[in-house]
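Residue strings, one per chain:
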Amino acid sequence: MKQFGGAFAILLAVVFCAAGTVHAFVFTDPAGLYSTQIADSWVYQAHHSTEHLVVFYGDEDSALLYFERLGTVSYLSAWEFAHRSLELYRSPGGLEKFEMVRDLAEVEVGGEAGVSCAYTYQDGQGNQLWEYRVFLVLPGGEGFSIAFSDSRPEAADDPRQLEEILLHWRWLF
Amino acid sequence: MRSQYWSRYICAVLLLLLGAAAPCSAAGLSATFERTLGAGTAPSLVKEYGGEYILPIQERLRVEEVFARLAAQSERQDVQYTLTVLNSREANAFSLPGGFIFITRGLLNLIGSDEAQLAAVLGHEIAHVEKKHGVNAIFRQLGLSVLAEVGAFALDFLSGDLLRAAGLALTQILQAGWGREAEFEADALGQEIAARAGFDPVGAISLLEKLIQAENSEESMHIFRTHPASGERKKRLEENLAEYWSEPDLVKDFSALERLKQGRISDPGGRTDPRARYVLEGVGHPGVKLVDQQNGEQVVWAENAFVKEAAWSPDGTYLALLVDAESLGELWLFDRWGRVFRKISGLGEINGFCWSPQGDMLALEVPGSGGLRIVAAYLYAEAFVDVSGGRQAEEAVWLEEGLYFRSGADWYRTEPPQAVPVRVAEPVPVVLQRKRILTPTLVKEGNTFRLTRPELTVP
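Residues numbered from 1 in each chain as written. Chains lettered and ligands numbered in written order. Predicted model: local features only at pLDDT ≥ 70, side-chain atom pairs only at ≥ 80, totals over all residues. Heavy atoms only, no water.

### Section: the sheet that holds strand β8 (residues 306-312) of chain B
Strand pairing within a sheet occurs via backbone hydrogen bonds; the two strands may be parallel or antiparallel. Residues and elements named next belong to chain B. Across the sheet, four strands lie side by side as β8-β9-β10-β11; this open sheet has antiparallel pairing. Of all strands in the sheet, those bounded by a partner on one side alone are β8 and β11 (340-344). The sheet shows a mean angle of 25° between the axes of neighbouring strands, direction not considered. Direction of pairing for β8 relative to strand β9 (residues 319-325): antiparallel, over a ladder of six bridges. Paired with Trp312 across the strands is Leu319, a residue of β9. (Pairing = 2+ DSSP bridges. Helix = DSSP H or I, 4+ residues; strand = E, 2+ residues; numbered from the N terminus. Axes fitted to C-alpha atoms, helices over the stretch in contact; angles between N-to-C directions.)

Here it is as structure tokens:
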């Protein structure tokens, strides 16, 4: 009976562990710039992705994750890059009803210093969206951006899914 | 009021004749006058065309970059160029003295992402300002051509009435255009400014063709109201193209010649499909025989023609066929679905051809009265350039570093104008929204099921 009890405990532990594990896959940028681990629920969108842009759809209706390479930029820092971008997002022709949700803050992605922030805006159909974004200027002067967007405020307030991705981020240069 | 006007006028003329204004900077004063004149007319023009249109961020950055590159090529450093996008569906562009350039969103939509065409239209408008076509037309209208000839440096004295009269004249002239010769001059200088700024000068021709095509199908094409006949403009722009190709140089680098030979041996006629779908089985009559490797079926393209030669474009987008049409050579370009994309004819006979490495041009071997010559044909514009520079040329091979042709025992190399892609120095990341996934739905109708087409909503 003791033996069965022990085996049952192990089985329970395995079941609980399995329930707590998020299945993930390793995504490597086709151009060989970076690699990270992404939860299985994110689906790569080949149709929307290009040489410079990698797009994933999440399991929520508007959950979106995308990484963009902007080529060589003249910004001297990620702060400058972020300030200029946010200035244009809030300007006429930018994002409708743009509002900052989380101020600019330093963040580290795969050992590179970047700047993160979160904001909200309205899309063309009048839906309010929240977006968490990281700006980076990589060695060699390449601009890079990581964005996580959703129709739920959690995308900006508590972007756990993105934090997991950033935690496993590796630069391949 | 009127006596004051005349006294100022006479005073200015006297000042001009006496040279009293000599210590002043002539160019500076003239630019100030132009700027004042343009600034006075701009608001009514913006209002007439539905106000200013703010472009979305990414497009705005791209258009501003193209404009900045062109303005940097301006020879008149006394002019401060500004660009305004007008909120009108009409396809049009204007310039006002003082560097005010306008383009409608209708014309921007028509141009799309073609940077060479955008540079062509903006370069044309900058050229009007460079050549002072607006000011000269006003002076002619007001009978002040003497002043214009002497130089407009004392015109700052003529504020008030004259400026109002000039503004009124400017509005009237704008409706009629700056004049036929001014348009030709702006075409040529605009093309030159665009080429200097690193844009392909053929953009002016392809834009003109696009405008002609749109003019036939749309009502909102008012750009031709004020411009001379398009055919004549196109002819002159095409004649200018040769100036932007480099002068053919005698090849002394034998490694290049070696590569030429290797290139010809590895794929003599570009017969291998770069996308590895079709196998070219043979050319002749009827047409060209291809085997589609996806289904193993044989297809025949140009089945009613005698095909002398066939070659795929480097990226496999087109298959070019040299066709014997009424004993003259014609080049037929087929897309991958076997449809004729374009026929190149009107050059007389074509003996042979080769593709440019980018697949945007073809070098044609064309017999002329003085022997064979090499003519470059553009793919996206009806334009041809004789690149052999008056030499007899027998054979052409196009490598990355330029177009080579053989004249007697010597090889020469020439290069097309180099286009520099637009790169925004301070880009901002795109902001994406998820596209709605459209799934067909299954509807039960009695004992049968029907698949319904989803409603398309464009975000």
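On we go from here.
### Focus: the confidence of the model for chain B
The predicted coordinates ought not to be read in detail in places where the model reports low pLDDT. Residue and element names in this part refer to chain B. Across chain B, the average pLDDT comes to 82, with 80% of residues at or above 70. Counting contacts from residues 1-29, a segment whose pLDDT is below 50, to residues more than four positions away or on other chains yields 26 contacts. Across residues 455-459, where pLDDT falls below 50, the model places six contacts with residues more than four positions away in sequence or in other chains. (pLDDT = per-residue confidence, 0-100. Contact = heavy atoms within 4.5 Å.)

### Here we look at the packing of aromatic side chains
In total, this model carries 31 aromatic pairs over all chains according to the counting rule given. Judged by centre distance (5.3 Å) and plane angle (85°), the ring pair of A:Phe144 and A:Trp171 falls under edge-to-face. Taken together, the residues A:Phe144 in strand β9 (residues 142-150) and A:Trp171 in strand β10 (residues 170-171) connect sequence positions 27 residues apart. Classification of A:Phe144 by relative accessible area gives buried; the value is 0%. The ring of B:Tyr53 carries B:Arg105 above its face, with NZ or CZ at 5.6 Å from the centroid. (Phe/Tyr/Trp six-rings, centres within 6.5 Å; stacked < 30°, edge-to-face > 60°. Buried < 20%, exposed > 50% of the residue type's maximum accessible area, 1.4 Å probe, protein only. Lys NZ or Arg CZ within 6 Å of the ring centre and 35° of its normal.)

### Notes on unusual backbone geometry
Glycine aside, negative phi is the norm for most residues, and most peptide bonds take the trans geometry. Of note in the backbone geometry, A:Lys97 takes a positive phi value of approximately 50° without being a glycine. Topologically, A:Lys97 is positioned in strand β6 (residues 96-109). The residue B:Ala276 is not glycine, and still its phi comes out positive at about 55°. Along the polypeptide, B:Ala276 turns up in the loop between α12 (254-266) and β5 (278-283). Overall, the relative accessible area of 56% leaves B:Ala276 in the exposed class.

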